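Structure assessment
As a plain string of letters, each chain reads:
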Amino acid sequence: MDKFLIVGLGNPGDEYATTRHNTGFMVLDAFAKASNTVFSDRRYGFVAEASLRGRKVLLLKPTTFMNLSGNAVRYWLNQEKIDQQRLLVVSDDVALPLGQFRLKASGSNGGHNGLGHIQQLIGQNYARLRMGIGNDYPQGGQIDWVLGNYSADDLKALQPAIDTATEIIKSFVLAGIDVTMNQYNKLGKRPTPGPSLNGGE
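Notes on the structure follow. Model, not experiment: these values are computed from the prediction.

Some words on helix H5 (residues 152–175)
- Over its 24 residues, H5 runs 34 Å from end to end, which matches the ideal 34 Å to within 8%, given 1.5 Å per residue.
- Residues of H5 that are buried: Asp 154, Ala 157, Leu 158, Ala 161, Ile 162, Ala 165, Thr 166, Ile 168, Ile 169, Ser 171, Phe 172 and Val 173.

Set out below in structure tokens:
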């Protein structure tokens, strides 16, 4: 059976649940809910299993905290003998306005600590879905921004992108990264109406 590992980045604990840095967790929670599966506390993370047309999809929310995310990713790739080409990592990104997203087959970590640690351990050659969180913060305020909580309006603006992200995961598993990028990246550039869209790339 073909196996895929889908990783959502975030920090464990209720105090982080609605922070911008936990957008990856939010996407996986939405996908798990749509797939009628639940997470259980396993080594290095919360893990759930789903299946799509005979393909096994392993969902992972690392409990290592963001800066050590690579430990969880490397462990579960090896544990389940999953090819790195079948890994998709979902992360927040301050370089994209809230509600936008970008899918890439590989690339640099863009200054993201979670992606940076994964890159240290397994290299840059894996797919990632970057979810825009905007960058409406003063100079030097990035840490407070990413660890700050979404407002109710922000969550409303983000929801369409989360819904689309669950479809992107399905397409990645069933059709592959190239087809999925061609289909969805043009959608990810559409500006979302709302007051919190200061930012750019």
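Right, picking up where we left off after that structure.
Concerning the pattern of salt bridges
- A full pass over the atoms with the stated rule returns eight salt bridges.
- Across the salt bridge formed by Lys 170 and Glu 167, the nearest N and O atoms sit 3.3 Å from each other. Of the two residues, Lys 170 and Glu 167 are both situated in helix H5; the distance of three residues between them amounts to about one turn of the helix.
- When salt bridges with common partners are traced through the structure, they connect Lys 3, Glu 49, Lys 56 and Glu 80 into a single cluster.

Overview of the packing of aromatic side chains
- A full pass over the atoms with the stated rule returns five aromatic pairs.
- Ring centres 6.2 Å apart and planes at 80° place the aromatic pair Tyr 16 and Phe 65 in the edge-to-face group. Taken together, the residues Tyr 16 in the loop between strand E1 (3–8) and helix H1 (23–34) and Phe 65 in the loop between strand E4 (55–62) and helix H2 (69–79) connect sequence positions 49 residues apart.
- The exposure class of Phe 65 is partly exposed, given its relative accessible area of 41%.
- Taken together, the ring pairs connect Tyr 44, Tyr 75 and Trp 76 into an aromatic cluster.

Let's talk about the packing of H5 against helix H6 (residues 177–188)
- Viewed as axis vectors pointing N to C, H5 and H6 meet at an angle of 145°, and their least axial separation amounts to 7 Å. Like other packed secondary-structure pairs, H5 and H6 cross with a definite hand, here right-handed. Contacts from Thr 164, Glu 167, Ile 168, Ser 171, Phe 172 and Ala 175 in H5 reach Ile 177, Val 179, Thr 180, Gln 183 and Tyr 184 in H6.
- Looking at the contact of H5 with H6 residue by residue, the classes come out as six nonpolar, four polar and one charged.

Rules behind the numbers
- Residues numbered from 1 in each chain as written.
- Predicted model: local features only at pLDDT ≥ 70, side-chain atom pairs only at ≥ 80, totals over all residues.
- Heavy atoms only, no water.
- Helix = DSSP H or I, 4+ residues; strand = E, 2+ residues; numbered from the N terminus.
- Expected span 1.5 Å × (residues − 1).
- Buried < 20%, exposed > 50% of the residue type's maximum accessible area, 1.4 Å probe, protein only.
- Salt bridge = Lys/Arg side-chain N within 4 Å of Asp/Glu carboxyl O.
- Phe/Tyr/Trp six-rings, centres within 6.5 Å; stacked < 30°, edge-to-face > 60°.
- Axes fitted to C-alpha atoms, helices over the stretch in contact; angles between N-to-C directions.
- Left-handed = near helix turned anticlockwise from the far one by under 90°.
- Contact = heavy atoms within 4.5 Å.
- Nonpolar A, V, L, I, M, F, W, Y, C, P; charged D, E, K, R; others polar.

All we've got here are geometric facts, nothing functional implied.
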